[in-house]
Structures are given as C-alpha cells and as structure tokens.
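Given next are the chains, with one letter for each unit.
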Amino acid sequence: MLAERLPIADDLHGRLVPDPYRWLEDAAGAQTRRWQAAEDDRWRAHAAALPGRARLHGDVRRLSAVGVVTAPLWRGDRRFFLRQEPGQEHPVLYVSESDGTERALVDPMKLDNDGLVALDAWHPSHDGARLAFQLSRGGTENSVLHVLEVGSGEQIDGPIRGCRYTPVAWLPGGDSFCYVRERRVWRHQVGASVQQDVAVTGRTGSFGLEIDRDGRCLVLAEGTGLWLVDPTTGAERTVHEGPDGRAAALPHKDLLYLLTDKGAPRGRVCVADQSAPAQWRELIPEDPAAVISDVAVLDDFLVVSRIRHAIGEMSLHDLRTGDRVADVPLPGAGSLGSMSTRGNEVWFSYTDSATPGAVYRYDAETRRTKLWAGTPGMKVPDVLSRQLTATSPDGTPIRVVVLAKPGAGPRPTILYGYGGFGVPLTPSYSSYILAWVEAGGVFASAQVRGGGEEGEEWHRDGMLDRKQNAFDDFVAAAEHLIAEGWTTPAQLGICGESNGGLLVAGALTQRPELFAAAVCSAPVLDMVRYERFGLGPQWREEYGSAADPEQLAWLLGYSPYHRVEKGVAYPAVLFTTFGGDTRVDPMHARKMCAALQWATTSGRPVLLRHEPGTGHGASSATRAMRLAGDLLAFLAEHTGLDLS
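Residues numbered from 1 in each chain as written. Predicted model: local features only at pLDDT ≥ 70, side-chain atom pairs only at ≥ 80, totals over all residues. Heavy atoms only, no water.

(A) Just the nonpolar core, in detail. Of all hydrophobic cores here, the largest spans 67 residues; its most connected members are Leu-415, Phe-474, Ile-494, Tyr-543, Phe-575 and Leu-596. Apart from residues no more than four positions distant in its own chain, Leu-415 is found in contact with Ala-444, Ala-446, Phe-474, Ala-477, Ala-478, Leu-481, Leu-492, Gly-493, Ile-494 and Cys-495. Among the nonpolar cores identified, the runner-up in size contains 40 residues, and Tyr-416, Tyr-429, Phe-578 and Leu-627 belong to it. (Core = buried A, V, L, I, M, F, W, Y, C linked by side-chain atoms within 4.5 Å. Buried < 20%, exposed > 50% of the residue type's maximum accessible area, 1.4 Å probe, protein only. Contact = heavy atoms within 4.5 Å.)

In structure tokens:
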C-alpha cells in the first residue's frame, strides 16, 4: 500500500514547495510506525528471496577476517595503539611498556555483551601516565568522556557527557586538560566536577585542539579560523582568520608549522614564530598536481604526505629550509594513513584495494622503510586495477578507478562515489568490494568534484551553487564505463552513503534510464528541510540554506526528494537507515522512499532496510558485514550478476 500523500506545501520566498510526505518526519508518530513496519516486512520478504544472499554474506565474512592495527602513539616511554583481531567486533586499545610488555587498556567488548559500545577516541597525557577516552553506544556517536590511570587501569574521572568526538589537550603534569563540551572549550581538573570547569575562551564552535608539550600554546581551529590561546589566562593571538582558506597548526618548540590552502588550493607548508603567529614564511610550496594530506614534525626533518590523483606518496624535507631531502619508499600504489612520530622516526599505515592495512616505520636517518606491524594475510581475488578518465560536460577530467577480475565484455558493475566535504576517495581494502569482484562483478570509484582528491578548489567546485558538478561528474563516469564496454545500463548499479547517498539519489532522479539499481545508505535527500534534523545546521557551509532565496534555488535544482516525477521508470532502489543515526535523520530516506514508490512505473522495487538501535552506519563488525552482504545481494539481483 502506498504512503498517504497530503496537500502540504510551503511558500518559500514566493515559491510553492510541495512536501506531501512531511508526516514521515515524525518517527514516533503512529502513522509513521505503521508505515515503517510495513516497509520492514517488504524488505524482509524481498531479502529472503534474493539468490546468493547467503553466499555473499559468507564471502564478506571470509574476506573481513583480517586484523587491524594502527600506528603507535608514543607518550613518555609508553606507546599506545589499536589492534583488532579477526572476528572481533571492535578494536582494543593497547599500551606497551618500556620493557616491551603489552596489555589491553580499553576493551569495548568487555563493557557490553551485545558489542554495541565503541571506543570513539583516546588521548594519553604527555607523560603517558593518564588516558582520556570516549565511549558511545549503538553507533550514536554521543560520546561520554572518561579518564583512567594507565599504570593501574583504574578509572579516576568521568563520565563527562556532551563530548561528541571532542579533542583533548593535556596540560603539563597530567592533572588537567582542555576539551570541547557543548561547543565551548573548557579546562577541566581531573577528579573535579564539571561544574568547576573553567571556560578557556568565549568563542563557540566545533573546535579542533592541539597543544605543545610545554602546555603554553593551545591551538584552536574552527572553520577558517585558527588561534593560539593561553590555556590558563585565555589570552588569544590570531594565526589565521577570514574566508580565504583554512590552516592547521603543529606547535614545535617556539615555532608553529602550518598546513594551509590559503593561496594554494592543493596545500603548502609554512612556518611562523609563536610570538608572531600571523607572520608566515613559506617552507614547502604547492605542488600543482598533488594535494598535501598530512605533515609530521621530526627532530630534524619534516615529513609530508600527499595524494597524487588518489595515490599516496611521502617525502622528507629539511626542517629549517623546507628543501626536499628524499622520497620515502612505500610498499605500493595505495593510501597512507595519519603519521605518528618519535625522534627522527615516523610510523604510518598503508592499504590498497587488495591489501589489508599494515603499519610501516620510516627512519629519516637511514632513509629506510620497514614493516612494523602487519595484519593476517589471506588469499584475495586476482584483481585488475585500472584508472580511467571520463570527461564531464564542462570538459573537466574525472578519474575513475576500476577493479575487476581479468576478462572482457560488459559485466554487472557497481559505481561508487561520495563527492562532498573535501573528503578524498583513495584506495583501501574492502571486503565487500572484493566479494563483488570475486563473484565476477566490476567495482568502480568515481573521484567527483566536491571531494578532496585534487585539493580545495576541487572541493569548492562541487559545493554550494556548484553542487550540480558532482552529479554531472558521476553521470559522466557512468557513461564512460558504458562507452568503454565495462557495463551496460541494464547492468549498472550505483551506491553511496551519507553525502554519497545524496550523490546517488541526485543521479538516479536526473538520469533514471542510465541505471538498473541504486543503494542509498543513510542519505541526505530533502535539501529544503535538511537543516532542521540531525547535524544539518553544520552543513550550511557545504550545501547552503533554504532561508536564503538564491540558495533555495540551488537546493531545489538538485534536491532528490523534490525532483521525483510521477510516471518515470526509476531503477530498483534500496534505502538503508539506522534508528540511532544522530548525523543524518532517517526521515530523508522515508520520505524519498514513499515518493519513489508513488512515482515509478518500472515495476522495479523501491525498498527501505531499517536497522534500529544503531547509528550512522552499522555499529559493530557483525552488523556491518550483514549490511554489506544484503546490499551486494540486492545489487546482484537487479544488475544480473550470476551467483549460481
């Protein structure tokens, strides 16, 4: 039975904007609950009949049976790192003592039998004696802050609530720290009540924090602003402020090393004295073909990590002049994780499409890279990886990475994209991608504008009034895959999550004939009312606001919910939502699902898979694998992948 359409419309700046499914915004309403229950039944019936579903679940589990290990963070004589053994639901935080003994420090699985508690973040003090860490339940990301003594493992502070992924900057001695709670920066004394916390600054925002080891230089970052604040007196100096670019700072001795896109969309490295933090001197200029993704400060060198057309690279530079000293040897053409340092050594993680993440150690004095910690290996499919170049309607080249088993001829294909918030799509190990490829499918990732693959200018060319570029790029990638013989419209599925769900839904409403199936996971879809739900107010800088007449016109130009038209043959569509999602409200998918069910004439299903009690994405490894198997089975059925 189709959802009830109501004659609701808003007069916005003289434009009548229909919203017939507004009642589906109320998750607790009796009518919404009845509708959701019926959709749950429809999905379960469809899922039960999907051929090869059990096989794909098994394949994803098998290919997911790899461990995870992160680069170590050194504090004093201790090193801290995450490790997840094959089959574990969550990573465990370990500490290694100076004598080499290791022990688990925070194990989320011992805190909850259902595996729903996650370790969101952790921050050891400078001497490694204390640890601030944050836990959330069910994927809600509503983190609660705790503090423990590392030596005994005894909890000595917390819970402190209202700390969603807050950064923690420890002050010298480990008796107090600065952190962000309810959009304010506070100084907290360990063991004291939060009512005794002292506001460090009058500024409000979603701040990032960094602090030097002496505790004199607290760096506050928010949007395009960067400030140095004395954590005791609150005295403030501006490093950067204004709309022309962003900057991140690493305090080191009396200097401030800055990674900025101000005057350099692909990034450059500058340095300033902390006494005059707004007076920058360029150390490493912008590379016209590569984006700086990370910078680490060693005793005598700088290490710079870059992304060149989605592939990671790393170089060593003189700390004083910025001159390039050497290229860092890497294990392959893949992605590099964040770096950690000690002395003249740097640790980093590496992964590619068929290689689980491992940690490598580079010694800047010997110029040698060695494996520091690997993950259990396995036999992976024989994968062909190629980078294609599509052309968007305005002539912009769009790179598309294709993974497939050796062979020829068009095959069922999944095209994936994100295209937002400056987030780059780079190669990484994925059990669900490999399961699809192993079964004979093609997997393609499109690096569309709005992402960060080619720098901040690439991001800006896919946001606000230029958001349509992202959809044009994605469609161009699809057409190129078809033209090059990789697939056909009857075999092409598209997939994306969160902002990527918006990308997918925008493409299927603008070019429905081009696709056989689509999966939108936790998507943003009602671009007129997105600001009223979840973290929507924080996305105005990316999307714009319906409160502004000009921006409303941009949003309505591509808003998937508002572009659904009666009588169009839409592809098969599966929406996935999560009941505890505090980022993207499930109302987006509910409304869009109802609209497509009313409109489509293709006879292909429009379904909603809802998972209660979990957040923005599956909250445990088991749930994530089950979700991946379901998505692949749906796409296989509706693109013709033979799983017999």
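Now, onward.
(B) Fine view of the sheet that holds strand β10 (residues 144-149). Spatial strand order, β8-β9-β10-β11: 4 strands in an open sheet with antiparallel pairing. The open sheet has two free edges, formed respectively by β8 (117-124) and β11 (155-160), since each of these has just one partner strand. Each adjacent strand pair in this sheet contributes to an overall mean axis angle of 20 degrees, direction not counted. Note that strand β9 (residues 130-137) and β10 share 6 bridges and pair antiparallel. For Leu-135, the partnering residue across the bridge sits in β10 and is Val-144. (Pairing = 2+ DSSP bridges. Helix = DSSP H or I, 4+ residues; strand = E, 2+ residues; numbered from the N terminus. Axes fitted to C-alpha atoms, helices over the stretch in contact; angles between N-to-C directions.)

(C) Structural context of helix α11 (residues 621-639). In this model α11 runs 27 Å from its N-terminal to its C-terminal C-alpha over 19 residues, within 8% of the 27 Å that 1.5 Å per residue would give. Remark: Gly-640 follows α11 within two positions and exhibits a positive phi of approximately 85 degrees. (Expected span 1.5 Å × (residues − 1).)

(D) Looking closely at the side chain of Thr-487. Take Thr-487: it is sitting in the loop between α5 (468-483) and β37 (492-497). You can call Thr-487 buried: its relative accessible area is 1%. A distance of 2.9 Å separates a polar atom in the side chain of Thr-487 from the backbone oxygen of Arg-411. There is a polar contact of 3.4 Å between the side chain of Thr-487 and the side chain of Thr-413. Excluding anything up to four places from it in sequence, Thr-487 contacts Pro-410, Arg-411, Thr-413, Leu-481, Ile-482 and Leu-492. (Polar contact = N/O pair within 3.5 Å; in protein donor to acceptor, adjacent residues only side chain to side chain.)

(E) Representation of the side chain of Thr-413 within the structure. Position of Thr-413 among the secondary structure elements: in strand β35 (residues 413-416). Classification of Thr-413 by relative accessible area gives buried; the value is 0%. A polar side-chain atom of Thr-413 sits 2.8 Å from the main-chain carbonyl oxygen of Arg-411. Setting aside residues no more than four positions away along its own chain, Thr-413 makes contact with Trp-436, Val-442, Leu-481, Trp-486, Thr-487, Gln-491, Leu-492 and Gly-493.

(F) Molecular detail of the packing of aromatic side chains. Taken as a whole and assessed by the stated rule, the structure comprises 14 aromatic pairs. Their ring planes at 85 degrees and their centres at 6.4 Å tell us that Trp-539 and Tyr-543 sit as a pair that is edge-to-face. Summarising the burial analysis for this pair, Trp-539 and Tyr-543 share the class buried. Through a chain of ring-to-ring contacts, the aromatic side chains of Phe-421, Tyr-530, Trp-539 and Tyr-543 assemble into a single cluster. (Phe/Tyr/Trp six-rings, centres within 6.5 Å; stacked < 30°, edge-to-face > 60°.)

(G) Inspection of the packing of helix α1 (residues 30-48) against helix α10 (residues 587-599) at higher detail. Where α1 contacts α10, the two axes come as close as 12 Å, and the packing angle between them is 70 degrees. In terms of orientation, α1 and α10 fall into the roughly perpendicular class. Of the two possible hands of crossing, α1 and α10 adopt the one that is left-handed. Of the residues in α10, those touching α1 at Thr-32, Trp-35, Gln-36, Glu-39 and Arg-42 are Arg-590, Cys-593, Ala-594 and Gln-597. Of the residues assigned to the contact of α1 with α10, the class counts are 3 nonpolar, 3 polar and 3 charged. (Parallel < 35°, antiparallel > 145°, perpendicular 65-115°, else oblique. Left-handed = near helix turned anticlockwise from the far one by under 90°. Nonpolar A, V, L, I, M, F, W, Y, C, P; charged D, E, K, R; others polar.)

(H) Seen up close, the environment of Lys-405. The residue Lys-405 is located in the loop between β34 (397-404) and β35 in this model. Classification of Lys-405 by relative accessible area gives partly exposed; the value is 33%. In this structure, the C-alpha to C-alpha distance between Lys-405 and Leu-552, residues 147 residues apart in sequence, is 45 Å. Setting aside residues up to four positions removed in sequence, Lys-405 forms contacts with Asp-382, Arg-411, Val-437, Glu-438 and Gly-440.

(I) Examining α5 more closely. With 16 residues, α5 ought to run about 22 Å at 1.5 Å a step, and its terminal C-alpha atoms sit 22 Å apart, in line with that. Immediately beyond the C-terminal end of α5, within one or two residues, lies Gly-485, with a positive phi of roughly 85 degrees.

(J) Geometry of the pattern of salt bridges. Across all of its chains, the model carries 47 salt bridges by this definition. Between Arg-130 and Asp-175 there is a salt bridge; the shortest N-O distance is 3.3 Å. With a gap of 45 residues between them, Arg-130 in strand β9 and Asp-175 in the loop between β12 (168-170) and β13 (176-181) connect regions that are remote in the sequence. With relative accessibility at 42%, the residue Asp-175 sits in the partly exposed group. When the shortest N-O distance is used, the salt bridge between Arg-623 and Glu-611 registers 3.6 Å. (Salt bridge = Lys/Arg side-chain N within 4 Å of Asp/Glu carboxyl O.)

(K) Representation of the packing of helix α3 (residues 431-438) against α11 in the model. In contact at an axis separation of 10 Å, α3 and α11 are set at 30 degrees when each is read in the N-to-C sense. The angle between α3 and α11 falls in the class roughly parallel. The two elements α3 and α11 meet at a crossing, and its hand is right-handed. Contacts between α3 and α11 involve Tyr-432, Ala-435 and Trp-436 from the former and Ala-628, Leu-632, Leu-635, Ala-636 and Thr-639 from the latter. In the contact of α3 with α11, the residues fall into 7 nonpolar, 1 polar and no charged.

(L) The sheet that holds strand β26 (residues 311-318), seen in detail. The 4 strands lie next to each other as β24-β25-β26-β27, forming an open sheet whose pairing is antiparallel. A single partner strand is all that each edge strand has here, and the edge strands are β24 (291-297) and β27 (324-327). Averaged over all pairs of adjacent strands, the angle between their axes in this sheet comes to 25 degrees, without regard to strand direction. Pairing geometry for strand β25 (residues 301-308) and β26, over 8 bridges, is antiparallel. Note on β26: the bridge partner recorded for Ile-307 is Gly-312.

(M) Here's a closer look at the environment of Ala-48. One can find Ala-48 in helix α1. Since its relative accessible area comes to 63%, Ala-48 is described here as exposed. Considered as a pair, Ala-48 and Gly-455 are 407 residues apart in the sequence and their alpha carbons are 44 Å apart.

(N) Quick look at the pairing of β37. Of all 6 residues in β37, 5 are buried; the element is thus mostly enclosed. Bridging between β35 and β37 involves 4 bridges; their strand directions are parallel. Along β37, the bridge assignment pairs Thr-413 with Leu-492. Summarising the sheet, β37 and strand β38 (residues 517-521) pair through 5 bridges and their orientation is parallel.

(O) Expanded view of unusual backbone geometry. The residue after Gly-158, namely Pro-159, is reached through a cis peptide bond having omega 5 degrees. If you trace the backbone, Pro-159 turns up in strand β11. Residues other than glycine seldom take positive phi values, yet His-309 does so here, at roughly 50 degrees. By secondary structure assignment, the location of His-309 is in the loop between β25 and β26. We classify His-309 as partly exposed; its relative accessible area is 25%. Positioned with a positive phi, Ala-310 is a non-glycine residue whose angle comes to about 80 degrees. Within the fold, Ala-310 resides in the loop between β25 and β26. Taking relative accessible area as the criterion, Ala-310 reaches 2% and is therefore assigned buried.

All we've got here are geometric facts, nothing functional implied.
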